[in-house]
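Coordinate inspection notes
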Amino acid sequence: MTTLVRLRPTAPPRRPGRIAILGAPNSGKTTLFNALTGHRAKAGNYPGVTVDRREGELQARFGADDVRLIDLPGVYSLEPQSEDETVAVRVLEGGFGEPAPDGVVVVVDATTIERGLPLLAEATALGLPVCVALTMIDELKARHGEIDPQELQRELGVPVIGVVGNRGLGIDDLGALVSAPWDWTASPSLSRGGEGRTPEDRFAWAHRVLGACRRQAPEPNRWTRRLDRFLLHPVIGSAVFLAFVAFFFQAIFTWATPAMDFLSGLMDGLADRVLATLPDTAITRLAADGVIRGVGAVIVFLPQIVLLFTVILFLEACGYMARAAFVVDRVMGWVGLEGRCFIALLSSYACAVPGIMATRTIPSPRDRLTTILVAPFATCSARLPVYLLLIAAFIPADPVLGPFTWQGLTLMGLYFLGTGAALLSAAVFKRGLLRGASLPFYLELPPYRLPRPSDIALGVWDRAKLFLRRAGTIILAVSVVLWFLLNLPRRPADPELSDAENQRLVLEGSYAASAGRLLEPVFAPMDFDWRINVGLVASQAAREVMVATLAQIYAQEGQDEEGLGVLLSGSGEGGRAPLLSRASALALLVYFAFAMQCMSTLAVIRRETGGWRWPAFTFAYMNGLAWLSAWLTFVLASAVGA
Amino acid sequence: MDRTLADVADASDGRLLEIAEVTGTGADSRRLREIGFCTGAPVRFIRRAPLGDPAMYELRGALMSLRRSEARRIRVHRRAGA
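About the thresholds
- Residues numbered from 1 in each chain as written.
- Chains lettered and ligands numbered in written order.
- Predicted model: local features only at pLDDT ≥ 70, side-chain atom pairs only at ≥ 80, totals over all residues.
- Helix = DSSP H or I, 4+ residues; strand = E, 2+ residues; numbered from the N terminus.
- Buried ≥ 20, exposed ≤ 12 C-beta atoms within 10 Å, placed from the backbone.
- Contact = placed C-beta atoms within 7 Å.
- Rg over C-alpha atoms; globule rule 2.2 N^0.38 Å.
- Core = buried A, V, L, I, M, F, W, Y, C linked by C-beta atoms within 7 Å.
- Pairing = 2+ DSSP bridges.
- Domains from an automatic or database assignment.
- Axes fitted to C-alpha atoms, helices over the stretch in contact; angles between N-to-C directions.
- Parallel < 35°, antiparallel > 145°, perpendicular 65-115°, else oblique.
- Nonpolar A, V, L, I, M, F, W, Y, C, P; charged D, E, K, R; others polar.
- Left-handed = near helix turned anticlockwise from the far one by under 90°.
- pLDDT = per-residue confidence, 0-100.
- Expected span 1.5 Å × (residues − 1).

Moving on to the overall build of chain A. Across its full length, chain A holds 28 helices and 10 strands. Within chain A, the proportion of its 642 residues that are buried is 47%. Counting only contacts in chain A whose residues sit at least 6 apart along the sequence, the fraction spanning at least 24 positions is 72%.

Here we come to the overall build of chain B. The helix and strand inventory of chain B stands at 2 helices and 6 strands. A globule of 82 residues ought to have a C-alpha radius of gyration of about 12 Å, and chain B, at 12 Å, matches this closely. Along the first, second and third principal axes, the C-alpha set of chain B runs to 35 × 30 × 20 Å. Across the 82 residues that make up chain B, the buried fraction comes to 48%. For chain B, the proportion of contacts with a sequence separation of at least 24, taken over those separated by at least 6, is 58%.

Formed by 210 residues in total, the largest nonpolar core has its most connected members in Ile21, Leu22, Val106, Val132 and Phe594 of chain A together with Tyr57 of chain B. Among the elements that make up this core, the one with the highest residue count is helix H26 (residues 582-594) of chain A (11 residues). When residues no more than four places from it in sequence are discounted, the contact partners of isoleucine 21 of chain A are Lys29, Leu32, Phe33, Leu69, Ile70, Asp71, Leu72, Val105 and Val107 of chain A.

Position of phenylalanine 314 of chain A relative to the elements: it lies in helix H12 (residues 302-318). With residues up to four places along the chain from it excluded, the contact list for phenylalanine 314 of chain A reads Pro451 and Ile456 of chain A.

A separate point is the interface of chain A and chain B. The partner chain B presents 29 residues to the 29 residues of chain A that form the contact. Those elements giving two or more residues to the side of chain A that touches chain B turn out to be helix H3 (113-125), helix H8 (199-211), helix H10 (236-277), helix H13 (320-334) and strand E10 (442-444) of chain A. Top contributing element to the side of chain A that touches chain B by residue count: H13 of chain A, with 4 residues. Relative to strand E5 (residues 62-66) of chain B, E10 of chain A runs antiparallel, the two being bridged by 3 bridges. Following the sheet pairing, tyrosine 442 of chain A is matched in E5 of chain B by leucine 66 of chain B.

Turning our eyes to something else, we now look at the sheet that holds E10 of chain A. A sheet is described by the order of its strands in space; here 7 strands give the open sequence E10(A)-E5(B)-E4(B)-E3(B)-E2(B)-E6(B)-E1(B), paired in antiparallel fashion. Lying at the two open borders of the sheet, with one neighbouring strand each, are E10 of chain A together with strand E1 (6-7) of chain B. Judged from the 5 bridges that link them, strand E2 (residues 16-22) of chain B and strand E6 (residues 74-78) of chain B form a sheet pairing that is antiparallel. Its bridge partner being in E6 of chain B, glutamate 18 of chain B is matched across the sheet by histidine 77 of chain B.

The domain boundaries assigned to chain A delineate domain 1 (17-219) and domain 2 (221-494 + 507-545 + 580-642). The gap between the C-alpha centroids of domain 1 of chain A and domain 2 of chain A is 38 Å.

Moving on, we get to helix H1 (residues 26-34) of chain B. The set of residues buried in H1 of chain B consists of Ser29, Arg31, Leu32, Arg33 and Glu34 of chain B. Packed against the buried residues of H1 of chain B are H8 of chain A together with E2, helix H2 (68-71) and E6 of chain B. Taken from the residues just after H1 of chain B, glycine 36 of chain B is the one with a positive phi, measuring 120 degrees.

Residues and elements named next belong to chain B. Counting buried positions over the 5 residues of strand E4 (residues 55-59) gives 4, a clear majority of the element. Examined bridge by bridge, strand E3 (residues 42-48) and E4 share 5 bridges and lie antiparallel to one another. Opposite arginine 48, over in E4, you have alanine 55 as the bridge partner. As judged from the 5 bridges shared by E4 and E5, these two strands associate in the antiparallel manner. Looking across to E5, one finds that leucine 59 is bridged to alanine 62. Here E4 hands over to E5 after 2 residues, with arginine 60 in that stretch at a positive phi of 45 degrees.

In this section: the pairing of E5 of chain B. For a regular strand, side-chain orientation follows a simple rule: the groups alternate between the two sheet faces. Among the 5 residues of E5 of chain B, 5 are classified as buried, and the element is accordingly described as predominantly covered. By the alternation rule, side chains of E5 of chain B split into Ala62, Met64 and Leu66 of chain B and Leu63 and Ser65 of chain B, which are all buried.

Turning our eyes to something else, we now look at the packing of H13 of chain A against helix H14 (residues 339-348) of chain A. Residues and elements named next belong to chain A. Between H13 and H14, the least distance of the axes is 6 Å, while the angle of their chain directions is 100 degrees. In this view, H13 runs roughly perpendicular relative to H14, as classed from their interaxial angle. Counted together, Met321, Ala324, Ala325, Phe326, Val328, Asp329 and Met332 of H13 and Gly339, Arg340, Cys341, Phe342 and Ile343 of H14 form the full contact between these two elements. For the contact of H13 with H14, the per-class residue count stands at 9 nonpolar, 1 polar and 2 charged.

Let us look at the packing of helix H19 (residues 453-487) of chain A against helix H27 (residues 599-609) of chain A. Residue and element names in this part refer to chain A. The interhelical angle for the contact between H19 and H27, taken along N-to-C directions, is 135 degrees, at an axis separation of 9 Å. Looking at the two axes, H19 sits oblique to H27. Of the two possible hands of crossing, H19 and H27 adopt the one that is right-handed. Here Arg470, Ala471, Ile474, Ile475 and Val478 of H19 come into contact with H27, specifically with Met599, Ser600, Ala603, Val604 and Arg607.

With that settled, the discussion passes to unusual backbone geometry. Across the chain, the bulk of peptide bonds are trans and the bulk of non-glycine residues have phi less than zero. Of the consecutive residues aspartate 53 of chain B and proline 54 of chain B, the connecting peptide bond is found in the cis state with omega at -5 degrees. Secondary-structure assignment places proline 54 of chain B in the loop between E3 and E4. With phi around 60 degrees, histidine 144 of chain A is a residue other than glycine that occupies positive phi space. Examined against the element boundaries, histidine 144 of chain A turns out to sit in the loop between helix H4 (137-142) and helix H5 (149-156). The exposure class of histidine 144 of chain A is exposed, given the 10 C-beta atoms found within 10 Å. Of note, arginine 214 of chain A is a non-glycine position whose phi angle comes to about 50 degrees, a positive value. For arginine 214 of chain A, the position within the fold is in the loop between H8 and helix H9 (222-231).

Below, the discussion takes up the confidence of the model for chain B. All names here are of chain B. Across chain B, pLDDT averages 85, with 90% of residues at or above 70. The secondary-structure element of chain B with the lowest mean pLDDT is H1, recorded at 82, while E4 shows the highest, at 94. Both scores are available for the predicted complex, with the pTM at 0.83 and the ipTM at 0.93.

All names here are of chain A. In this model H12 runs 24 Å from its N-terminal to its C-terminal C-alpha over 17 residues, within 8% of the 24 Å that 1.5 Å per residue would give. Among the residues of H12, those classed as buried are Gln304, Ile305, Leu307, Leu308, Phe309, Val311, Ile312, Leu313, Glu316 and Ala317. Close packing links the buried residues of H12 with H10, H13, H14, helix H15 (352-357) and H19. Positive phi shows up at glycine 319, right after H12, with a value of about 105 degrees.

Below you can see the structure in the form of structure tokens.
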């Protein structure tokens, strides 16, 4: 049980202290952690689980060296039901191969103090020294509420410090306090509160403590109520929600495009420069086509990822994200998921990697896993270049009705196909494989608050780093391996032939070509020849690599990427036979809509689910579905004479 | 005091209610109680989502939303004087 009183000057341990920061979601924990560490934190993972781990060093200006702060996941209680809570408890009890922390700062939102104190009682019951950081004091006063930290300290017996993280008030005191956790002691009352076995006991204890403190509860947050009346209005609220989704797509596709084009142009230009200036050897070509273009394939996504997370983190911090989940929850409920899954799926339209990273806010492990398994169906931006190439080449641009053309409708159809596949598979998984009791649905709607730009910047930076590390290394590695597969074995250049012709001959004899031929029986029912299969192999690095690879395979004199579509569909002037029938092209489009062709997504699924089981499953079921649908498309399209 | 018991899912105005009991067993009911929906706690219906479900409640100074299926488990009565 709890250590009650420690006599003051027993020789305090003078080793580096580790202090855990514990608090409910939205309690102001992150702002506080950032203020104490000076916005320098190491983000990572706890081994074997998927919960974010953030650690940082206490800033030296608080007068202590070597105090490490651990930002625990936001939890309502220490009852280990969700993954977040399990991690919090394991860290506090000394798990993950590390000793238990030397003290715990419990962050309590002063405006909802009644809800925060039970967590303090639970933390005390673990027997660690605790202290309280009372946040949102300014908001409490603005809403005519009152609590005296001194009185609360007297009642609880542990240090209580009122802080306003936004303005740095109280941070110095808190910083000094966390350097000496061995001085914190709990009063008998607090220890008894921690002994309460049921939530009721702990809430009743919190009520008694607050009763002894002459505390004035705050008035309802007027601004939040007013904004909610508007933003959650049956009609206006739905319109706002749709506008939010439109804004989201606008941001990740339209606004990110110039930066993405610039970066890909920059990397291509660099690769071309290298090819032009250095002697033409295998090493040069590996550097240019394998490494530089490989790096390019990664960083081209960076503007989108940064923009995506800026929007997400901003809306999350200001309080709208929870409202969006609240509005859409019913729709998600039809397929067995919940509102929070929507945000992750929405992000996946940019790229499944950040989408899967965003599932961490989903408390129910089953819902979370389901979302991870279906997120790769969302039409990510890497599919677009392939869609655009094939649609331009095979679908007529004739108008259908008003402003709609066959091309536009096909693209829209492919988006619906991806979305439909995601929702339907979610429904199937939740009814079958992942059926079972889940946590009850609850969602806290925090008050609207103006976010701190530095908190958002830090969050975006953390995630961008994570993306580069996880996806970047994989894409680069696959890109280099592919270069070898496409260029080996070596073959002496024939001086009689042009460079492009020589290149094509190397490719035709390459290991990748052998793989393509090996795959021929698999894709023969759709009439894909070995060249398309090589493209499918190459697109395992990232889907858009398909376009460049096909361009390389079909490279002939005077043919560049623009000519590729003409070549594929045989629509050129020379009356050349098409290399792909329209039925096969439609099948290929459908294949791309469903297939799991992205190594980085698989790697992220492995990281997030802690093993190869689920990525293997995802690979199998998505590609199975893709093959079947492509074959059906081919059969149907052939039947109607497409 | 109004003795009629109902569940919080039926609440449709902003009157202050008091939680009489949280039905159901095991982890589910425990989770609801841990986030603050426990016997004796005052709770107030605020609004429904635009599509009718879930609904938002004021609970111990915070806004919490529950689906109808969860709200059915929370039996309430009207608070004396409210």
